[in-house]
Amino acid sequence: MGPDRSKLKELLKKAERVAVLTGAGISAESGVPTFRGADGLWRNYKVTELATPDAFAQHPELVWEFYNWRRQLVNGLTYNPAHKALVDLEAKVPHFTLITQNVDGLHLKAGSRNVLEIHGNLWKVRCTRCHKITTDMSPDMGTLPKCQECGGLLRPHVVWFGESLDYPLLHQAMEASRTCQVMLVIGTSAVVQPAASLALETKGAGGKVAEINVEETPNSRMMDFVLLGKAGEIVPELVNSL
Ligand code: BJW
Ligand code: ZN
């Protein structure tokens, strides 16, 4: 444990308000592939070629195949010690907000309560015609699933590139980022906006920011603490000592 880590622990111990931002890296040790990892994502497509309204408009069956693959994959997986440690951290901090970019639902499965899923959830679908949102846990939705109410084409209830985030959720995420004394940024490459800017909100308001990642990111330079290593090891170590 370096001097850096003990200083961060002290800050966390005293903090009344803590925000955490997570990305795909926190689920990597559960077996969920990251988006920008070395192996590519799915059949050599880039995420920017599949997670867009354009891709869905032109090839809805391809996009659904991709999401069915994700559903089947995540269905057999569960949370890891990093997710679990954040549940423990929530119990220790008076005001705790967990902002996640992940759609895998693993934070909720682990038992975190105040979770903002700002990019949506893999297990929810939305009708493109009547806009009704429903939860559907089937691992395979078929190629072109239809709405039970109106027969319209269903889409995953996730946020694609070029789409706006749900405004009330983003507002809560910004508020939590601005008012926290400490923000932990765990397992995100910090390239996708507006999530990547939330740590800036914290810094701008005088809070401290700490990054936990296996490698440095474009945000590392602005961090007060950079903890290099696996989330599944660092997060429990940090939280258990509080
Ligand atoms: C570990 C680890 C271990 C691994 N332990 N760590 C300004 C400039 C240019 C463009 C834009 C801009 N503002 C907005 C845009 C457009 C766009 C954007 O940001 N593009 C960038 C690529 C440049 N943003 C949007 O379109 C957003 N909407 C928006 O801004 O609306 C207003 C607007 C619209 C149009 C124009 C301008 C404004 C919406 C973004 C939606 C992102 N959606 C996705 C898909 C969600 C559904 C799904 O999952 O299928 O969200 S894309 C994908 O990336 C997914 C993720 O949540 C997101 C972030 O990825 P994440 O989590 O960081 O994963 P990775 O794989 O990138 O990184 C993993 C990290 O973990 C790595 O760092 C590893 O090192 C680390 N790691 N193992 C610790 N064990
Ligand atoms: Zn409908």
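Read on for a plain summary of the structure. (Residues numbered from 1 in each chain as written. Chains lettered and ligands numbered in written order. Predicted model: local features only at pLDDT ≥ 70, side-chain atom pairs only at ≥ 80, totals over all residues. Heavy atoms only, no water.)

**Examining the packing of helix α6 (residues 81-92) against helix α10 (residues 231-240)**
Any two packed helices are characterised by how steeply their axes cross, that is the angle between the axes, and by the distance between the axes. The condition is simple: Simply put, an axis is a line fit to the C-alpha atoms, just over the touching stretch for a helix, and the angle between two N-to-C directions goes from 0 to 180 degrees. In this description a helix means any DSSP run of H or I spanning at least four residues, a strand means any run of E spanning at least two, and both kinds are numbered starting from the N terminus. Oblique is the label for every angle not falling under 35 degrees (roughly parallel), over 145 degrees (roughly antiparallel), or within 65 to 115 degrees (roughly perpendicular). Note on convention: the crossing is left-handed when the near helix lies turned anticlockwise from the far helix by less than a right angle, right-handed when the turn is clockwise. Contact between two residues is taken to exist if any of their heavy atoms lie within 4.5 Å; hydrogens are not considered. Residue polarity is assigned by list, with Asp, Glu, Lys and Arg as charged and Ala, Val, Leu, Ile, Met, Phe, Trp, Tyr, Cys and Pro as nonpolar; anything else, Gly included, falls into the polar class.
Across the interface, α6 lies against α10 with an axial gap of 8 Å and an inter-helix angle of 20 degrees. As judged from the angle between their axes, α6 and α10 are roughly parallel. Considering how the two elements wind past one another, α6 and α10 form a crossing that is left-handed. Where α6 abuts α10, its residues P81, A82, A85, L86, D88, L89 and K92 lie against A231, G232, V235, P236, V239 and N240. Of the residues contributing to the contact of α6 with α10, the split by class is 9 nonpolar, 2 polar and 2 charged.

**What to know about the pattern of salt bridges**
Basically, it comes down to this: Salt bridges are defined as contacts in which a side-chain nitrogen from Lys or Arg sits within 4 Å of a carboxyl oxygen from Asp or Glu. The buried label applies to any residue whose accessible area, calculated with a 1.4 Å probe on protein chains only, is under 20% of its type's maximum; exposed applies above 50%, and partly exposed to all values in between.
Counted under the stated rule, the structure contains 8 salt bridges. Salt-bridge contacts for R5 lead to E237; the nearest nitrogen and oxygen are separated by 3.8 Å. Pair noted here: R5 is in helix α1 (residues 3-14) and E237 is in helix α10, with a separation of 232 residues, a long-range link. Across the pair K132 and E149 runs a salt bridge whose closest N-O atoms are separated by 3.4 Å. Separated by 17 residues along the polypeptide, K132 in the loop between β4 (120-127) and β5 (133-135) and E149 in the loop between β5 and β6 (154-158) bring together distant segments of the chain. Residue classification places K132 among the partly exposed residues on the basis of a relative accessible area of 37%. A network of salt bridges, in which partner residues are shared, links R5, K9 and E237.

**Description of α6**
Cut-off, in case you're wondering: In this scheme, a helix's expected span is set at 1.5 Å multiplied by one less than its residue total. Pairs of N or O atoms within 3.5 Å make up the polar contacts considered here, provided that, within protein, one atom can donate a hydrogen while the other can accept it, and that residues adjacent in sequence are counted only when both atoms are side-chain atoms.
Between the first and last C-alpha of α6 there are 17 Å, a value that for 12 residues agrees with the 16 Å anticipated at 1.5 Å per step. Within α6 the residues assigned to the buried category are A82, H83, A85, L86, V87, L89 and E90. Looking at the buried positions of α6, the neighbouring elements they touch are β1 (17-22), α2 (25-28), β2 (95-100), α7 (106-110), β7 (182-186) and α10. Its side-chain oxygen placed 2.7 Å from the backbone nitrogen of A82, N80 serves as the N-cap of α6.

**A short note on the packing of aromatic side chains**
Quick reminder of the rule: The criterion for an aromatic pair is that two Phe, Tyr or Trp rings (for Trp, the six-membered ring) have centres within 6.5 Å, with stacked assigned to planes under 30 degrees apart, edge-to-face to planes over 60 apart and tilted to the rest. Remark: a charge is flagged as sitting over a ring if the NZ atom of Lys or the CZ atom of Arg is within 6 Å of the ring centre and within 35 degrees of the ring normal.
Applying the stated rule across the entire model yields 7 aromatic pairs. Judged by centre distance (5.5 Å) and plane angle (40 degrees), the rings of W42 and F66 are tilted. Taken together, the residues span a long stretch of sequence, with W42 in the loop between α2 and α3 (47-50) and F66 in helix α5 (residues 60-75) at a distance of 24 residues. By the burial criterion, W42 is buried, and F66 matches it. What links up through ring pairs into an aromatic cluster is the set W42, Y45, F56, F66, Y67, W69 and W160. The ring of W160 carries R155 above its face, with NZ or CZ at 3.9 Å from the centroid.

**A few points about the site of ligand 1**
Rules: Only a single heavy atom is needed: when it lies within 4 Å of a molecule or strand, its residue is near that molecule or strand. Using the Shrake-Rupley algorithm and a 1.4 Å probe, accessible areas are obtained, with residue cover drawn only from the displayed protein chains.
Neighbouring ligand 1 are 35 residues; Y67, G162, T188, S189 and N213 lie closest to it. Within the side chain of R70, a nitrogen or oxygen atom sits 2.7 Å from an oxygen atom of ligand 1. Interatomic distance of 2.7 Å between a backbone N/O atom of E163 and a nitrogen atom of ligand 1. A total of 1500 Å² of accessible area belongs to ligand 1 in isolation, and the protein chains cover 75% of it. Contributing elements (two or more residues each) for the shell around ligand 1: α2 and α5. Considering only residue class, the shell around ligand 1 consists of 16 nonpolar, 13 polar and 6 charged.

**Quick notes on the side chain of T22**
Tracing the backbone through its elements, the reader meets T22 in strand β1. Looking at T22, the relative accessible area reads 0%, which means it is buried. For T22, the side chain forms a polar contact with the side chain of H107, separated by 2.9 Å. What T22 contacts, discounting residues up to four positions off in sequence, is L86, L98, I99, T100, Q101, N102, H107 and I186.

**Re the sheet that holds β1**
Basically, it comes down to this: Two strands pair under a simple rule: DSSP has to find at least two bridges between them.
Taken in spatial order, the 6 strands of this open sheet run β3-β2-β1-β7-β8-β9, and their pairing is parallel. With one partner strand each, in any of the chains shown, β3 (115-117) and β9 (225-228) form the two edges of the open sheet. Ignoring which end each strand starts from, the neighbouring axes of this sheet average 15 degrees apart. One ladder, built from 5 bridges, connects β7 with strand β8 (residues 208-213); its direction is parallel. Residue pairing in the sheet places V182 in a bridge with K208 of β8.

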